[in-house]
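An overview of the molecular structure
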Amino acid sequence: MCGIFGYAGKKDAGSVIIEGLKRLEYRGYDSWGVALASKDGIEVIKKVGAIGDFEELEKLPFSNIGIGHTRWATHGGVSNVNAHPHFSADKSFVVAQNGIVENYQELKNTLITKNHKFITETDTEVIVRLIEEKLKSTDNLFDAIKKAFVDLKGRNTIIILPTSGKEVYAVRNGSPLVIGIAQGEIFIASDTLSFGNHTNRVIYLNNYEMIAYKTENEQLDIYNVNNGNKISYQESLIEQDNVDIEIQGHDHYMIKEIFEQKDTIRNAVQYSIEELHDLIEAINKSNHVYTVGAGTAGFAAGQIAYYLRKIAKINVTELKSYDIDSYKEIFCDKDLIIAVSQSGETADTIEALEIAKNKGVKIASIVNMQGSTITRISDYQFLSRSGPEICVASTKAFTAQISWGFLLAMSLVGKHDDAVNEIYRISEMLENYFRSKKFFKSEKVFKEIAKNFANKEHFFVLGKGQNYYIALEGALKIKEITYKHFEGFSAGELKHGVIALIEKETPVIAIISDDEYKEDMLSAVAQVKARGAFVVGISDQDNQLFNTFIPSCKSDYIDSLTKIIPFQLISYYLGIQLGNSPDKPRNLAKSVTVK
Ligand code: AGP
């Protein structure tokens, strides 16, 4: 969702900000804007659609300080006027925001009675007018921002550039904000990836912390916005081999990221038994273990819970981060939550963790984005190390995180090395698969399936046991990119209602591992087949019941890991067949930082 990028330094701020905004594109946005301060005041350009090489960009003045924003509309339609940054009425400052002002209607009504005029439909404009209102009783912008910010409800992060161009301010609550430091330069942004090509030195901000940066003496100060006290801060270093966002000759990030899984599953299990030791001890000591996440990360959380129960025989419950209501009552300080997230900034998951943390629950996390909020609030932090995942639909983060969950489960029963060896073996199989002619043969199959599926609207995916969450995630993946109705079920559910939906030619994708549920799965396939379904079988062995067979790599321990890849490929090829954009599906944002 919305992205913030501010820069002050010796370089051309316009180019640095545009580049930074492009590196934030993956979060999802529908419009964008840049404000640059120069001796003639602040120049703003705002546009609907993708950041391109617009002529206007060249018309921007040379400047050493500016702010930029990518907007994912929440309040007010997608338009130039609603895009950020927003000017104050007297054009003395501009504001950009990430978040939602939950009390914006109440604030707006009060501000209208005080004669403030509104020109946009955004909740952001309330912040601008509120700062103007506070400036009636102080001529100090810093104080006015502080006073306005504490009146806002909700998760909000703002950045403010005054016309003087001599300073820049930003305040964080909930929505992410990090600072990048280089010699004579500062970057203020929603994530470290956006400036990771400039510097690896970062400062992480906590909620209700405010930055004031003065260009004259390159002075950075951080304050607590509630009491105005100055805060001492520390720099950290980010791993810079994880900041490359080049598409490397692929047509789309999605296919690049699908191919990368041969490596990323290996990177995710680079944790020694010593590094896992504290978490293992915490799990063994805990009263109850929960896993939590949303969307794909929620399915990964479900799969990790499955491995912990099935392999390590631990009592684990998977939760959806947006639906923990009844668990609030029973969380206690002997519990442990394992949070799963690609971005580490998902508002639903952060809120669930905050609630649990207040009850004394210990937090562990497996997150892809280093330095993110979820990582920083965790007692035990693990990175899935998949590198930047740019495609909105998550692929490599999912398989990396379930590989890590498998490693954890196996380590709990003394089989750490077996787990690593197995992931390496699968990685090698995938490497051979993607490199060999076999893939080009199956690419034809995927393209064929895409053609057959293009005219259908409803599809069903069946899995069981280790493949239950794979069925759910497989269906979600295809929904996201094709906008078609794919529904994942446990094969066990079929006879209890779902079978009523099967008619002649209904497409059903069945995931069949060579495990204790193979016979159940084949019975389910026979039942849908008897009612005329068109069956696609994903398995390591063909079967006469399948109309189309997609071979998948076999693993005795973690067969489910390889079964998701055909869904990612069907999603990609069907999306293309339908003329959709695989990397930027409609309505979706990569990082869901609002509720
Ligand atoms: C996955 O394809 C989606 N983009 C979405 O479901 C995502 O997994 C979910 O919003 C959670 O995001 P997170 O992993 O960044 O926490």
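Residues numbered from 1 in each chain as written. Predicted model: local features only at pLDDT ≥ 70, side-chain atom pairs only at ≥ 80, totals over all residues. Heavy atoms only, no water.

1. Considering the site of the ligand
Looking at the ligand, there are 14 residues lining it, with Ser341, Gln342, Ser343, Thr346 and Lys477 nearest. With respect to the ligand, the backbone of Thr296 contributes an N or O atom lying 3.1 Å from an oxygen atom. Contact distances for the ligand include 2.6 Å between an oxygen atom and a side-chain N or O atom of Ser343. Against a free-state accessible area of 410 Å², the protein chains account for coverage of 91% of the ligand. Counting only elements with at least two residues in the shell around the ligand, the list comes to helix H8 (295-310) and helix H14 (468-482). Counting residues per element, the shell around the ligand draws most heavily on H8, which supplies 3 residues. Counted by class, the shell around the ligand contains 5 nonpolar, 7 polar and 2 charged residues. (Near = heavy atom within 4 Å. Polar contact = N/O pair within 3.5 Å; in protein donor to acceptor, adjacent residues only side chain to side chain. Areas by Shrake-Rupley, 256 points an atom, 1.4 Å probe, with all protein chains shown as cover. Helix = DSSP H or I, 4+ residues; strand = E, 2+ residues; numbered from the N terminus. Nonpolar A, V, L, I, M, F, W, Y, C, P; charged D, E, K, R; others polar.)

2. A few points about helix H11 (residues 396-412)
Counted at 1.5 Å a residue, the expected span for H11 with its 17 residues is 24 Å, and the 24 Å between its end C-alpha atoms agrees. Extensive coverage of H11 is indicated by the burial of 17 of its 17 residues. Positive backbone phi, at 75°, marks Gly414, one or two positions downstream of H11. (Expected span 1.5 Å × (residues − 1). Buried < 20%, exposed > 50% of the residue type's maximum accessible area, 1.4 Å probe, protein only.)

3. What about the pairing of strand S19 (residues 362-367)?
The buried fraction of S19 amounts to 5 of the 6 residues, a majority that puts the element mostly inside the structure. Where strand S18 (residues 336-341) lies against S19, 6 bridges are found, and the strand directions are parallel. Bridged to Ala339 within S19 is Ser365. Note on the crossover from S18 through helix H9 (residues 347-358) to S19: the handedness is right-handed. As paired strands, S19 and strand S20 (residues 380-383) are joined by 4 bridges and run parallel to one another. Bridge pairing in S20 places Ala364 opposite Tyr380. (Pairing = 2+ DSSP bridges. Right-handed = clockwise from strand over helix to strand, strands pointing away.)

4. Things to note about the pattern of salt bridges
If the charged atoms of two oppositely charged side chains come close together, the side chains can form a pair. Evaluation of the coordinates by the stated rule reveals 30 salt bridges. Of the charged contacts in the structure, one is a salt bridge between Lys230 and Asp221, with a shortest N-O distance of 3.4 Å. Residue Glu487 pairs with Lys479 through a salt bridge whose shortest N-O separation is 4.0 Å. With a relative accessible area of 26%, Glu487 lands in the partly exposed category. One continuous salt-bridge network, built from bridges that share partners, spans Glu125, Arg129 and Glu132. (Salt bridge = Lys/Arg side-chain N within 4 Å of Asp/Glu carboxyl O.)

5. Looking at the sheet that holds strand S17 (residues 316-320)
Taken together, the 5 strands give an open sheet; going across it, the order is S17-S16-S18-S19-S20, and neighbouring strands pair in parallel fashion. Unpaired on one side and paired on the other, S17 and S20 mark the two borders of the sheet. Shown here is a sheet whose adjacent strand axes are inclined to one another by a mean of 20°, direction ignored. Against the sheet, helix H7 (residues 273-285) engages strand S16 (289-293), S18, S19 and S20, with an angle of about 130° to S20. H8 rests against S16, S17, S18 and S19 of the sheet, and its axis sits at about 175° to S17. (Axes fitted to C-alpha atoms, helices over the stretch in contact; angles between N-to-C directions. Contact = heavy atoms within 4.5 Å.)

6. Topic: the state of the cysteines
By definition, a disulfide links two cysteine residues through a covalent bond between their sulfur atoms. Evaluated as defined, the whole model comprises 0 disulfides. The structure places no disulfide on Cys2, whose sulfur is separated from the nearest cysteine sulfur, that of Cys391, by 20 Å. Residue classification places Cys2 among the buried positions, given a relative accessible area of 8%. The exposure class of Cys391 is buried, given its relative accessible area of 0%. (Disulfide = S-S within 2.5 Å.)

7. Description of the sheet that holds strand S24 (residues 534-539)
Strand order in the open sheet made by the 5 strands is S22-S21-S23-S24-S25, with parallel pairing throughout. The open sheet terminates on both sides in strands that have one partner only, identified here as strand S22 (485-490) and strand S25 (548-551). The sheet shows a mean angle of 20° between the axes of neighbouring strands, taken without regard to direction. Two elements, strand S21 (residues 458-463) and S22, share 6 bridges in a ladder whose sense is parallel. Counted as the bridge partner of His458 is His485 from S22. The sheet strands contacting H14 are S21, S22 and strand S23 (507-512), and the helix crosses S22 at an angle near 175°. Across the sheet, helix H17 (residues 565-577) is in contact with S21, S22, S23, S24 and S25; its angle to S23 comes to roughly 155°.

Purely spatial values, then, with no claim about function.
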